[in-house]
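# Topology and contacts: notes
One letter stands for each residue in the lines below.
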Amino acid sequence: MSMTSLDYGKYAIFIWPALAVTAAVLAWMVADSLLRARYWQKKVQVLEAARAQPGEKPAP
Amino acid sequence: MFQALANPQRFMAFSRWAAPVLAVIAAGLLGWGLWLSFSAPEDYQQGATVRLMFIHVPAAYMAMFCYACLGAASLVGLVFRHVLADAAARACAPLGAGFTALALITGMLWGRPMWGTWWVWDARVTSVLVLFLFYIGYMALQAAIDDETRAARASGILALVGLINLPIIKFSVDWWNTLHQPASVFRKGGPSLPPEFLWPLGVMALAYMALFGALWLVRIRAEVWRKRAQSLALQAAG
Amino acid sequence: MSGLWILFRRELGQTWGRGGGPVLALTFFACVATLLPLAVGASPARLASVAPGAAWLALALASLLSLERLFERDFEDGTLDLLALGPAPLEAVALAKGLAQWLANGAPLALLAPVVAVALGAGLSLVPMIFTSALIGGLGLSFTGGIGAALSLGSRRGGVLIAVIVLPLFAPPVIFGAGVIDAYASGLDWRPALSFLSAYSLAALALGPLAMAAACRNALS
């Protein structure tokens, strides 16, 4: 294994943006998936709680 | 395994631990793969830009792999009319579109120093662009039909049409333009890439795949909850 | 067979007779061709080099136009329900619709395509080849487009949606169709491209009705 070098010279302006874009897109995919799952899980919990106590109106 | 997972409750129990496990695997592989790609030697022709290969080529693999998953889920959904398969197909498309966009953007950033231009209308670039447009069309069709079951079936049919058409498109685009360098990883008689490049590439590809697996499961879970919330809301209203 | 013939006659009448028939698509084709020199410049050398390809592009766009009404008309007035209950399978209905679409829209466009290409500066020797490729390719465009039309039944924003679904699928016929003319013009062997184009159109003819019928059943369910 050779020395790890982070100095990419004239190619740095292509390599770092590519890494940044990759990180951004992957992070967006992770965040969107997790938030979506959490949102609907909460929704189900709220609705189920409302069904367990019929007196109250479910949250809109 | 498929039979067992076809039951939504069992799927939820399975994915509850499978998704985090896959996520941990993905994180580990991503760390290892990044370390390998940063420490890989420079290519004698491409210099430091060879490092772009380790994030670009796996994204391009995933663009196609996600489509294979989308097609398989759609086929199961259409043939067995299974709700979970429909949810899987629906959950797959945005991830596939994301990887395809990633492949296109990193490809442009690799093309500029290597070919001297951001964009070339060569066979592979054009095929991936068509694939991206196809993902968009798939999601647009799904969003434009209000009834969920009908939307799932219509987009499932479109996914199968695409499954037949995409190889034809690939062939036609290849025929149209055969200027690009031949595929260099899976070549007859063993891989032609030297091991110090093959390792980071392979590890990064596995990392992307594990990440996709984890996110796919999370999104299917979200779909299952969404369906549940909708039916609960209907019950409460009615 | 006679049932299929009746269906086909009916479809042909509908496509040919209503709303100006192919005139609208032909006019659209001519409009796109008129805008081209205005967009890329009127230099004959430049126009001639893009003429066959531009003719094919305009052809693909023009064949999208009438797709929106292909199934929607029958879907809205309930005819499609009757056809689904009738003795002929929906696959046969879809086949009749696709063939009628080809004859009533594709064939007139194929006749206009060489005129447009020559007006843009393509050589007269290309005329038979442009007509042949446009006619054969039109079959594939009709049946591939029909799938998009059937899939977007009952959706909001049918027209744009059909275009977005269908245009990526139009890549092979456009490539092979323009490839035939290109190869013929530069004296190369044009037969491979023409056989690929024919193969695509025949595959669309064979498989398109299956997908269209499945999509119609789904929309009716």
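### Focus: the overall build of chain C
Within chain C one finds ten helices and zero strands. What you see in chain C, going N to C, is helices and strands ordered as α-α-α-α-α-α-α-α-α-α. Radius of gyration (C-alpha) of chain C: 18 Å, near the 17 Å computed for a compact globule of 221 residues. Projected onto its principal axes, the C-alpha positions of chain C cover 55 × 35 × 25 Å. A total of 221 residues make up chain C; the buried ones form 52% of that total. Intrachain contacts of chain C at a sequence separation of at least 6 include 82% that bridge at least 24 residues.

### Section: the packing of helix 6 (residues 90-119) of chain C against helix 7 (residues 127-151) of chain C
All names here are of chain C. Orientation of helix 6 relative to helix 7, taken along the N-to-C sense of each, is 145°, at an axis distance of 7 Å. Judged by the twist between their axes, the crossing of helix 6 over helix 7 is right-handed. For the contact of helix 6 with helix 7, the per-class residue count stands at 18 nonpolar, six polar and one charged.

### Re the interface of chain C and chain B
At the interface, 25 residues of chain C touch 22 residues of chain B. Of all the elements in the fold, those that place two or more residues in the side of chain C that touches chain B are helix 7, helix 8 (158-169), helix 9 (171-185) and helix 10 (191-220) of chain C. Broken down by element, the side of chain C that touches chain B gets its largest block of residues, seven residues, from helix 10 of chain C.

### A short note on the interface of chain B and chain A
Counting from both sides, the interface comprises 31 residues of chain B and, opposite them, 31 residues of chain A. Breaking the side of chain B that touches chain A down by element, the ones donating at least two residues are helix 2 (8-39), helix 3 (50-80), helix 4 (83-115) and helix 7 (195-237) of chain B. Residue composition of the side of chain B that touches chain A, grouped by class: 20 nonpolar, five polar and six charged.

### Quick look at helix 3 (residues 44-65) of chain C
Residues three or four positions apart in an α-helix share a direction because the helix packs 3.6 residues into each turn. Residue and element names in this part refer to chain C. For helix 3, which comprises 22 residues, the first-to-last C-alpha distance of 29 Å matches the rise-based estimate of 32 Å (1.5 Å per residue) to within 8%. A bend of about 50° at Ala51 is the largest found in helix 3, and the proline Pro52 appears one to four places after it. Those residues of helix 3 not exposed but buried are Ala51, Pro52, Ala54, Ala55, Trp56, Ala58, Leu59, Ala60, Ala62, Ser63, Leu64 and Leu65. The inward-facing, buried residues of helix 3 abut helix 2 (22-40), helix 6, helix 7, helix 8 and helix 9.

### Some details on the confidence of the model for chain B
All names here are of chain B. For chain B, mean pLDDT is 85; residues scoring 70 or higher make up 89% of the total. The secondary structure element of chain B with the lowest average pLDDT is helix 1 (residues 2-5), at 59, and the one with the highest is helix 3, at 91. Residue range residues 184-190 is modelled with pLDDT below 50. Its contacts to residues more than four positions away, or to other chains, number five contacts.

### Observations concerning the nonpolar core
Core analysis: the largest hydrophobic core is formed by 167 residues, its most contacted members being Ala63, Cys66 and Cys92 of chain B together with Ala55, Leu59, Ala113 and Ala215 of chain C. When residues of this core are assigned to their parent elements, the largest contribution, 20 residues, is made by helix 7 of chain B. Ignoring any residue separated from it by four or fewer positions in sequence, one finds Ala63 of chain B in contact with Gly96, Phe99, Thr100, Ala103, Val128 and Leu131 of chain B.

### A word on unusual backbone geometry
Backbone geometry places Arg81 of chain B, a non-glycine residue, at a positive phi of 50°. Residue placement: Arg81 of chain B occurs in the loop between helix 3 and helix 4.

### Some remarks on the environment of Tyr200 of chain C
Within the fold, Tyr200 of chain C resides in helix 10. As for Tyr200 of chain C and Ser152 of chain C, which are separated by 48 residues in sequence, their C-alpha atoms are 23 Å apart. The contact partners of Tyr200 of chain C, leaving out residues within four places of it in the chain, are Ile168 of chain B together with Gly140, Pro172, Pro173 and Phe176 of chain C.

### Topic: the environment of Ala233 of chain B
With respect to the element layout, Ala233 of chain B can be found in helix 7. When the C-alpha positions of Ala233 of chain B and Val120 of chain B are compared, they lie 51 Å apart, and in sequence the two are 113 residues distant.

Cut-off values and rules
- Residues numbered from 1 in each chain as written.
- Chains lettered and ligands numbered in written order.
- Predicted model: local features only at pLDDT ≥ 70, side-chain atom pairs only at ≥ 80, totals over all residues.
- Helix = DSSP H or I, 4+ residues; strand = E, 2+ residues; numbered from the N terminus.
- Rg over C-alpha atoms; globule rule 2.2 N^0.38 Å.
- Buried ≥ 20, exposed ≤ 12 C-beta atoms within 10 Å, placed from the backbone.
- Contact = placed C-beta atoms within 7 Å.
- Axes fitted to C-alpha atoms, helices over the stretch in contact; angles between N-to-C directions.
- Left-handed = near helix turned anticlockwise from the far one by under 90°.
- Nonpolar A, V, L, I, M, F, W, Y, C, P; charged D, E, K, R; others polar.
- Expected span 1.5 Å × (residues − 1).
- Bend = angle between axes of the 7 residues up to and from the residue.
- pLDDT = per-residue confidence, 0-100.
- Core = buried A, V, L, I, M, F, W, Y, C linked by C-beta atoms within 7 Å.

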